[in-house]
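A structural walkthrough
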Amino acid sequence: MVADDAIPSIISRDERTTPREGADSIIAAIVASARDAMSRAKLGPSDILAAACSSPGPLDHITGVVHETPNLVGFRDIRLAERVAEAIGTKVFVDRDTCMAAIAEGLVGAARGAKDFVYVTVSTGVGGAIVSGGRMIRGATNTAGEIGHWPVGFQPDPTQSADADIPRCGCGGYGCVEAFAAGSKIAEHYGAQSASDVYAAAERGDARARGIVIRAERALANLAVGLVNAINPSVIVVGGSVAAHQPGHVLAPMHRAITERAFKAPAAAVRLVPAALGADVGMHGAVLEARERAAGRGDWFL
Ligand SMILES: [Zn+2]
């Protein structure tokens with residue numbers, strides 16, 4: 001990893017809502033957004049070394065193909081890097097949003113200097129990335145680190161249908177951390193607009209909201225213990241909007257569970273900390289990743 005680095009400065013930005021009409025409209029929006037940001041900064045394609053595109057996974061960051069994304073409508077086996085590159089006329093590197101966030105937190109954020117760390121985001125979804133021995137774990141098909149779909153719940157009675165009391169995840173599985181603890185799922189289980197409404201209801205003593213919140217806490221607690229016992233990180237960085245707004249319901253139960261239930265040696269070695277880079281973490285990671293990959297560096301995260 002690069003030892004000394006600075007947080008990239010953002011000179012232009014364009015934000016828009018993700019379309020829900022399928023891949024073509026999403027790619028068109030990405031391209032339009034990139035062009036607007038470029039023109040506002042008075043930059044053409046030839047002024048730009050490389051672009052990076054952060055996407056939900058699973059995806060292959062080497063081929064630039066996004067395989068399937070539970071939270072994006074109609075996005076399956078899309079050659080995202082190639083299609084965006086053709087449209088905007090620059091080199092484009094694609095990676096999972098959480099990998100880019102981990103690159104930023106590892107280089108210039110809360111995990112700076114750590115060789116073994118896990119980045120976890122608790123936001124609309126739950127996700128993450130794992131860095132072990134100074135390298136990001138990519139796995140056999142470059143899709144490793146999808147810890148939001150680590151199952152922590154199971155159906156105790158095999159005679160019941162699996163969906164009787166275990167929530168179904170957007171990935172099609174049952175009992176994933178994301179199905180219990182993602183902001184969108186917490187809101188959905190309660191029938192609220194947003195997770196913050198559910199946390200507020202739980203605060204007022206609403207029993208159903210409290211049940212949903214406690215279940216989410218237990219799912220995150222199990223994830224934390226699993227990460228500590230299985231991966232042995234020195235830092236777990238917890239980011240995402242739900243974690244930022246509800247640290248007492250996200251970081252606190254994870255920390256408690258590690259202290260109470262993980263193996264003593266890895267538990268004593270790990271720090272569970274909030275993310276340092278806030279909502280722009282993905283953008284910072286994208287810039288750092290594009291710069292490093294364009295220069296032929298970045299071995300540790302490829
Ligand atoms: Zn899942």
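Every chain is numbered on its own, with residues counted from 1 as its sequence reads. Per-residue local features are limited, in this predicted model, to residues with pLDDT of at least 70; the limit for side-chain atom pairs, both in listing and counting, is 80 or more; totals at the level of whole chains, interfaces and linings are taken over all residues. Calculated side-chain values reflect all of the structure's heavy atoms, with hydrogen atoms and water omitted.

What follows covers the pattern of salt bridges. What makes a salt bridge here is a side-chain nitrogen of Lys or Arg within 4 Å of a carboxyl oxygen of Asp or Glu, nothing more. Counted by the stated rule, this structure contains 14 salt bridges. Across the pair Glu 289 and Arg 293 runs a salt bridge whose closest N-O atoms are separated by 2.8 Å. Of the two residues, Glu 289 and Arg 293 both sit in helix 11 (residues 281–294), four residues apart, roughly one turn of that helix. Each member of the pair, Glu 289 as well as Arg 293, is classed as buried. With a shortest N-O distance of 2.9 Å, Arg 291 and Glu 292 are connected by a salt bridge. Accessible area is worked out with a 1.4 Å probe on protein chains only. A residue is then buried under 20% of its type maximum, exposed over 50%, and partly exposed in between. By relative accessible area, Arg 291 is classed as partly exposed at 32%. Strands here mean DSSP runs of E at least two residues long; helices mean DSSP runs of H or I at least four residues long; both are numbered from the N terminus.

Attention now moves to the packing of helix 7 (residues 207–231) against helix 9 (residues 247–261). Simply put, an axis is a line fit to the C-alpha atoms, just over the touching stretch for a helix, and the angle between two N-to-C directions goes from 0 to 180 degrees. Direction vectors running N to C along helix 7 and helix 9 enclose 45°, while the axes themselves pass 8 Å from each other. Considering their axes alone, helix 7 and helix 9 lie oblique with respect to each other. For the pair helix 7 and helix 9, the sense of crossing is right-handed. Along its contact with helix 7, which presents Val 213, Glu 217, Leu 220, Ala 221, Asn 222, Ala 224, Val 225 and Val 228, the element helix 9 presents Gly 248, His 249, Val 250, Pro 253, Met 254, Arg 256, Ala 257, Ile 258 and Arg 261. For the contact of helix 7 with helix 9, a count of residues per class yields eleven nonpolar, three polar and three charged. Under this scheme an angle from 65 to 115 degrees is roughly perpendicular, one under 35 degrees roughly parallel, and one over 145 degrees roughly antiparallel; angles in between are oblique. Crossing chirality is assigned from the near helix's rotation relative to the far helix, an anticlockwise turn below a right angle marking it left-handed and a clockwise turn marking it right-handed. Only heavy atoms matter for contacts: two residues are in contact if any of them lie within 4.5 Å across the pair. Residues were grouped as follows: Ala, Val, Leu, Ile, Met, Phe, Trp, Tyr, Cys and Pro as nonpolar; Asp, Glu, Lys and Arg as charged; and all remaining residues, including Gly, as polar.

When DSSP finds two or more bridges between two strands, those strands count as paired. Across the sheet, which stays open at both edges, the five strands sit in the order 8-7-6-9-10 with mixed pairing between neighbours. At either end of the open sheet lies a strand with only one pairing partner, and these are strand 8 (135–136) and strand 10 (271–274). Of the strand pairs in this sheet, strand 6 (residues 117–122) and strand 7 (residues 126–132) are connected by six bridges, and their pairing is antiparallel. Paired with Val 120 across the bridge in strand 7 is Gly 128. Strand contacts of helix 9: strand 6, strand 9 (235–239) and strand 10, with the helix running at about 180° to strand 10, the strand carrying the most contacts.

Packing of helix 1 (residues 23–40) against helix 2 (residues 80–88) brings their axes to within 10 Å, and their N-to-C directions diverge by 45°. The angle between helix 1 and helix 2 falls in the class oblique. In this structure, helix 1 crosses over helix 2, and the sense of that crossing is right-handed. On the side of helix 1, the interface is formed by Asp 24, Ile 27, Ile 30, Val 31, Ala 34, Arg 35 and Met 38, while helix 2 contributes Leu 80, Arg 83, Val 84, Ala 87 and Ile 88. A per-class count over the contact of helix 1 with helix 2 returns nine nonpolar, no polar and three charged.

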